[in-house]
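Summary of the model geometry
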Amino acid sequence: MKSSEAKMHSAGHPIYSEIYKEGVVQWLLLVLHERFGHSFTLTLDPRGRLYLSLQNASGTIVFDALEPYFFTPGSGLPYSEWDALSEGWTPILGMSLPAPGVAGLSSPLIEQVPEGFTVHYDILGLTYWMLSRQEEVGRNDLDQHCRFPATSSHAYEHGYLGRPVVDEWLDILRQVINRQWPGLELKQHNPRTLVSCDVDSPYLPYSQSFMSTARVVLGDLLKRKSLKAGRQNLQRYIGVRRADYSLDPYVAAIDWIMDVNERVGNRVAFYFIPEHLDHAYDSNYCLDEPVLRNLLKSIYSRGHEIGLHSSYTSYKNTGQIDRELEIMRNALVSEGICQQVAGGRQHYLRWEVPTTACNLDAAGLIYDTTLGYADRPGFRCGTCFEYPMFDPVRGRALSLRQRPLVLMESSVIDMAYMGLGYTEDALKYMHLIKERCCQVGGDFTLLWHNSNFRCDKDKEFYLEMIS
């Protein structure tokens with residue numbers, strides 16, 4: 001599409017032809033193609049209306065309420081909700097749809113006209129805003145790890161973080177397409193469960209040191225009054241000195257994760273930290289250690305994935321990501337592991353828009369799966385579908401794909417975040433998030449650390465989530 005040259009202004013905002021540039025339009029068309037399975041055309045007219053059309057098919061779908069705010073940084077958008085059912089449309093989650101970007105909606109929101117349909121809400125602008133993470137550009141209201149928190153987001157403020165809002169609106173667009181071109185067969189999507197494990201600590205950290213083990217054993221005996229625990233920790237240390245990790249619960253958890261997922265047909269992605277530059281946050285293991293090499297070989301031999309867990313300080317450093325990727329690739333090659341390091345997740349979910357995505361893209365990774373919030377589970381990107389990433393600063397599509405992280409166990413359980421612990425409320429909330437992924441036909445992406453199987457409840461919750 002060639003952008004219109006008309007100077008169509010909306011008070012205080014960029015002209016529409018400057019925001020719906022070629023790069024944005026082509027990326028949106030790619031998103032629509034992946035979602036619906038057809039190649040559409042988008043055309044902007046001088047009056048600031050966006051036309052969605054299909055080659056060799058009559059009629060168009062017009063978006064006539066374009067919202068330039070979707071193309072500006074920040075969370076200060078107005079908010080409304082739309083009762084789709086009252087206007088003859090079926091909301092896929094059975095509820096009114098969140099409508100960021102507008103203070104009030106036209107009624108009816110979608111009208112049939114002689115040329116086709118007119119939609120008085122900027123569905124494509126919303127899609128761009130959520131998927132590109134335009135909201136996060138240049139933000140300084142960050143947490144102690146320099147992360148943009150859920151509590152600063154528009155979705156959290158207006159109560160729709162637990163909703164895949166982009167998927168909900170694209171399903172409405174699917175219905176409009178079906179009515180406009182009733183003979184068109186649209187792509188169907190089957191829900192998937194994508195399970196991953198960030199291996200922050202492959203083994204108990206204190207088990208490597210006699211002094212650390214001695215302190216733990218003394219605590220077992222004097223504070224916790226547990227002779228059994230003291231004996232186990234001492235036996236574990238002796239085993240480690242002999243390169244025997246059979247008593248280590250973190251190592252055992254990796255085997256257990258593979259066991260239970262294989263029973264239900266899941267392939268697990270295990271992400272390892274290749275280089276540890278920040279000893280306060282990066283743990284202290286090395287991929288050259290025999291226990292790590294054995295773990296890598298075991299994961300590979302059982303058909304699971306080995307990926308990159310880029311270290312704490314890497315999220316703004318291209319050279320560091322390149323170096324860590326090379327360390328991991330060399331470790332795999334030296335063990336005869338013929339598996340591409342296709343993707344991974346940033347340690348501590350540290351992310352800066354668009355820096356981190358551009359760096360991972362430049363490093364040649366195929367996908368990333370960082371984009372969930374640490375402090376709350378839900379739909380940071382408004383979707384549970386994998387999608388091609390976009391740099392909202394330079395206005396260009398990236399080769400890197402995003403598999404948004406929907407649920408991390410600690411976000412729900414830990415006191416530092418939601419703090420629901422091992423309660424029925426916690427499990428109910430986890431099930432709700434998973435069910436919404438299933439309802440829209442998307443991916444339920446689950447992160448559970450091997451170091452977070454500290455009690456029987458962890459395993460009970462985990463088994464519920466992976467099935």
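Residues numbered from 1 in each chain as written. Predicted model: local features only at pLDDT ≥ 70, side-chain atom pairs only at ≥ 80, totals over all residues. Heavy atoms only, no water.

A word on the nonpolar core
- In this structure, Tyr 20, Phe 63, Trp 169, Leu 173, Phe 270, Phe 272 and Tyr 462 are the most contacted members of the largest nonpolar core, which totals 127 residues.
- With 5 residues, the next largest nonpolar core counts Leu 349, Leu 405, Met 408 and Leu 447 among its residues. (Core = buried A, V, L, I, M, F, W, Y, C linked by side-chain atoms within 4.5 Å. Buried < 20%, exposed > 50% of the residue type's maximum accessible area, 1.4 Å probe, protein only.)

Focus on empty space enclosed by the protein
- Taken as a whole and judged by the stated rule, the model has 4 cavities of 30 Å³ or more.
- Volume-wise, the largest cavity comes out at about 50 Å³.
- Lining the largest cavity are Ser 132, Arg 133, Trp 351, Val 353, Pro 354, Ala 357, Met 389, Phe 390, Asp 391, Pro 392 and Leu 398.
- Tallying contributions element by element places strand E13 (residues 387-391) first for the lining of the largest cavity, with 3 residues. (1 Å grid on protein atoms, 1.4 Å probe; cavity = no way out; pocket = protein on both sides within 12 Å on 5 of 7 lines; lining within 4 Å. Points joined across faces, edges and corners; volume = space filled by probe spheres on them. Helix = DSSP H or I, 4+ residues; strand = E, 2+ residues; numbered from the N terminus.)

A short note on the packing of aromatic side chains
- What the rule picks out here adds up to 22 aromatic pairs.
- Summarising the aromatic geometry, the rings of Trp 27 and Tyr 128 are spaced 6.1 Å apart at their centres and angled 85° between planes, so their arrangement reads as edge-to-face. Within this pair, whereas Trp 27 is found in helix H2 (residues 22-36), its partner Tyr 128 is found in helix H3 (residues 123-132), the two being separated by 101 residues in sequence.
- Note on Phe 148 and Tyr 373: the rings are 6.2 Å apart at their centroids and 55° apart in plane angle, and the pair reads as tilted. (Phe/Tyr/Trp six-rings, centres within 6.5 Å; stacked < 30°, edge-to-face > 60°.)

Focus on the side chain of Gln 134
- With respect to the helices, strands and loops of the structure, Gln 134 is situated in the loop between H3 and helix H4 (154-157).
- Among the residues examined, Gln 134 registers a relative accessible area of 3% and is labelled buried.
- Within the structure, the side chain of Gln 134 is placed 3.2 Å from the side chain of Tyr 128, a separation counted as a polar contact.
- Dropping the residues within four chain positions of it, Gln 134 is found in contact with Phe 70, Phe 71, Thr 72, Pro 73, Gly 74, Tyr 128, Trp 129 and Pro 392. (Polar contact = N/O pair within 3.5 Å; in protein donor to acceptor, adjacent residues only side chain to side chain. Contact = heavy atoms within 4.5 Å.)

Digging into the environment of Thr 60
- Looking at the secondary structure, you find Thr 60 in strand E3 (residues 60-63).
- Distance in space between the C-alpha atoms of Thr 60 and Gln 180 is 7.6 Å, their sequence separation being 120 residues.
- If we skip the residues at most four places from it in the chain, Thr 60 touches Tyr 51, Leu 52, Ser 53, Glu 115, Gly 116, Phe 117, Gln 180 and Trp 181.

Some points on the sheet that holds strand E7 (residues 116-119)
- Strand order in the open sheet formed by 5 strands is E1-E2-E3-E7-E6, and the pairing between neighbours is mixed. Sheet topology places strand E1 (40-44) and strand E6 (110-113) at the edges, where each strand pairs with a single neighbour. Shown here is a sheet whose adjacent strand axes are inclined to one another by a mean of 20°, direction ignored.
- Two strands pair when backbone bridges link them, and strand E2 (residues 50-54) and E3 are joined in this way by 3 bridges, in the antiparallel orientation. In the strand pairing of E3, Tyr 51 is matched with Val 62.
- Here H2 sits on the sheet in contact with E1 and E2, set at roughly 150° to E1. (Pairing = 2+ DSSP bridges. Axes fitted to C-alpha atoms, helices over the stretch in contact; angles between N-to-C directions.)

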